[in-house]
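What follows is each chain in one-letter form.
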Amino acid sequence: MNTFHSTRSTTDPLTSRQAIRQGLAPDGGLYVSDALGASHVDIADIADLSYQEIAQRVLSALLPDFTTDELHECIERAYGDQWEDDAITPLKPLGDDYVLELFHGPTSAFKDVALQMLPRLMARTTSESDDPDERIMILTATSGDTGKAALAGFADVPGTAITVFYPEGKVSQVQQLQMTTQRGGNVRVCAVRGNFDDVQSAVKRIFGDRKLANALRDESHVVLSSANSINVGRLVPQVVYYFAAYAQLLRRGAISMGDGVEFIVPTGNFGNVLAGYYAKRLGLPVSHLVVASDRNNVLFDFLTSGTYNRERPFFQTTSPSMDILVSSNLERMLYYMSQGDTRLINTLMNDLSHWGAFEAPEEMMARIRSLFGCGWADENQVNDAIDRCWRDNHYVLDPHTACGYYVMNRMPRQDGVRRILLSTASPYKFPRVVNSALGLDASGDDFTCMDRLSQATGTTAPTALRSLEGAQVRFTDVVGIGGMGEFVTAAASAAV
Ligand SMILES: *Cc1c(COP(=O)(O)O)cnc(C)c1O
């Protein structure tokens with residue numbers, strides 16, 4: 001059972017439960033298991049299974065120390081009627097290709113797939129500590145999307161609490177309302193005077209503050225944790241939708257059992273696409289994974305040149321959730337592609353932190369390139385893709401998915417291989433950008449833009465987004481950077 005260890009060392013193996021609770025390994029590495037792929041997920045009857053049944057199979061393969069009953073309970077709660085579609089991640093035709101919609105969860109973005117599950121897994125890790133009253137408090141700095149998805153995931157999950165800080169005035173109207181109207185007795189949201197980097201750095205300092213940690217533990221039985229995208233408990237739930245996509249293709253008669261399928265994946269932190277690699281290792285016939293980036297094309301440069309270089313300008317684009325220079329989950333792929341060479345991973349990651357760059361060995365790049373393709377789109381190309389997809393297919397894309405659509409349409413089609421574009425957000429999360437790409441009026445507030453988009457395209461905004469106008473705001477606190485520690489202390493004592 002103790003098969004999880006750091007990408008940078010194989011000592012002190014952990015169970016998946018411990019790996020989820022720890023998040024990041026003490027040496028800075030990410031938790032991986034060499035048992036990945038040792039046994040396959042049975043797909044013979046997958047076309048007959050529900051999303052939840054597929055999840056049960058995939059998660060029990062990846063998290064062997066959780067019992068069948070525990071996983072069943074987590075899955076029922078994570079993928080219940082908070083989803084707008086019974087298929088959870090429905091597959092729809094898109095011209096000659098398909099689109100897998102990952103955005104029907106409570107916050108209308110794909111992070112819900114992982115963040116509806118992680119809290120439930122995490123809540124089942126507490127029993128291992130000495131203190132039976134111990135609670136985990138998630139602490140997050142957000143520039144928008146992750147904060148809301150984490151709030152929705154942890155709200156009222158027993159044994160957990162969550163505090164989210166966002167930079168005052170630096171998130172969109174919809175994003176702010178999504179967070180400040182969040183329900184749940186264990187959630188706290190606070191605006192901070194500063195920019196995102198200031199807030200993020202302050203959160204890191206709070207994590208490193210031993211004195212505060214001791215006080216929280218002694219006075220409130222609270223330990224701090226993060227819902228970071230490197231947590232193995234966030235990665236594994238995403239593996240499920242690759243299998244669910246395959247099952248839906250089979251059900252439609254679009255493929256026969258065993259046919260290879262290609263996935264085009266909008267990615268930033270490499271989490272979305274890495275889950276596809278895990279699916280392949282578990283036996284899903286994945287023929288090709290295409291990494292689609294926005295103008296921050298550090299992954300494209302890496303996959304084409306073999307050099308990862310984060311010393312480059314950072315662009316704030318219309319696809320903010322893919323604006324990333326250090327793609328942290330890439331380290332897991334490098335680990336597996338080096339066949340578990342922790343010394344090599346150490347060297348590469350040291351180079352990255354000392355020089356801002358590393359160079360991967362050629363034979364490793366050859367292995368990587370045999371499975372991963374890549375492409376990217378700048379903001380004009382994103383706008384064109386949204387416009388063209390609407391005109392060709394009468395389908396409205398959000399700016400993140402549009403990066404993938406652009407890349408997909410530039411690639412030569414492999415004969416007979418079905419292509420699936422992963423769609424990561426509802427276009428109604430970004431109504432201003434989408435309207436302007438479609439040549440619609442993009443003035444007024446976000447709700448006015450949503451209504452115009454709806455009228456012009458005959459599509460409907462997700463209820464949870466449209467109903468934010470006029471929803472009751474619960475959290476109005478604003479603190480300076482220096483007041484964040486005190487806010488955490490107060491939130492922790494309220495969480496008891
Ligand atoms: C987070 C996010 C992505 C990128 O996902 P990674 O896990 O970083 O690959 C893409 N699109 C949207 C809308 C997101 O929120």
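Criteria and thresholds
- Residues numbered from 1 in each chain as written.
- Predicted model: local features only at pLDDT ≥ 70, side-chain atom pairs only at ≥ 80, totals over all residues.
- Heavy atoms only, no water.
- UniProt positions renumbered as here; feature names shortened; annotations may be inferred.
- Axes fitted to C-alpha atoms, helices over the stretch in contact; angles between N-to-C directions.
- Helix = DSSP H or I, 4+ residues; strand = E, 2+ residues; numbered from the N terminus.
- Contact = heavy atoms within 4.5 Å.
- Nonpolar A, V, L, I, M, F, W, Y, C, P; charged D, E, K, R; others polar.
- Near = heavy atom within 4 Å.
- Polar contact = N/O pair within 3.5 Å; in protein donor to acceptor, adjacent residues only side chain to side chain.
- Areas by Shrake-Rupley, 256 points an atom, 1.4 Å probe, with all protein chains shown as cover.
- Buried < 20%, exposed > 50% of the residue type's maximum accessible area, 1.4 Å probe, protein only.
- Pairing = 2+ DSSP bridges.
- Core = buried A, V, L, I, M, F, W, Y, C linked by side-chain atoms within 4.5 Å.
- Domains from an automatic or database assignment.

The name an unreviewed UniProt entry assigns to the protein chain is Threonine synthase, from the organism Bifidobacterium minimum. What the UniProt record of the protein chain gives under Sequence similarities (unreviewed entry) is the line "Belongs to the threonine synthase family."

Asks: Kindly report on the packing of helix α11 (residues 271–281) against helix α13 (residues 330–337), identifying the contributing residues and their values.
Replies: For any two helices packed against each other, the geometry comes down to the angle between their axes and how far apart the axes lie. In contact at an axis separation of 10 Å, α11 and α13 are set at 30 degrees when each is read in the N-to-C sense. Of the residues in α13, those touching α11 at Leu274, Tyr277, Tyr278 and Arg281 are Arg332, Met333, Tyr336 and Met337. In terms of residue class, the contact of α11 with α13 is made up of six nonpolar, no polar and two charged.

Asks: Describe the site of the ligand, listing the residues and the values that go with them.
Replies: Among the 14 residues in the neighbourhood of the ligand, the closest are listed as Lys111, Thr267, Gly268, Asn269 and Thr424. Between Lys111 and the ligand, the recorded distance is 2.5 Å, taken from a side-chain N or O atom to an oxygen atom. Here Thr424 contributes a side-chain N or O atom positioned 2.8 Å from a nitrogen atom of the ligand. Here the ligand loses 97% of its free accessible area of 380 Å² to cover by the protein chains. Each residue belonging to the shell around the ligand can be placed in one class, and the counts come to four nonpolar, eight polar and two charged.

Asks: Describe the pairing of strand β4 (residues 97–101), with residues and values.
Replies: Successive residues of a regular strand alternate their side chains across the two faces of the sheet. Here β4 lies mainly inside the structure; five of its five residues are buried. Of the two faces of β4, the one holding Asp97, Val99 and Glu101 and the one holding Tyr98 and Leu100 are both buried throughout. In terms of strand pairing, strand β3 (residues 91–94) meets β4 through four bridges, oriented antiparallel. Counterpart to Leu91 in the pairing with β4 is Leu100. Linkage of β3 to β4, two consecutive antiparallel strands, is achieved through a turn of two residues, within which Gly95 is found at a positive phi near 60 degrees. Pairing of β4 with strand β14 (residues 418–423), which is carried by four bridges, proceeds in the parallel orientation. Bridge pairing links Tyr98 to Ile420 in β14.

Asks: So, the nonpolar core: which residues are in play, and what are the values?
Replies: Residues Tyr242, Phe243, Phe263, Tyr278, Leu334, Phe372 and Ile420 are the most contacted members of the largest nonpolar core, which totals 111 residues. Broken down by element, the residue count for this core peaks at 14 residues, all from helix α10 (residues 232–251). Looking at this core, you find at least three residues from each of domain 1 (91–109 + 233–461) and domain 2 (117–228 + 462–496). Residues within four places of Phe263 in sequence aside, it is in contact with Tyr242, Ala245, Val286, His288, Leu289, Val290, Ile420 and Leu422. Counting 36 residues, the second-largest nonpolar core is a separate cluster that includes Val99, Val396, Met411 and Val434.

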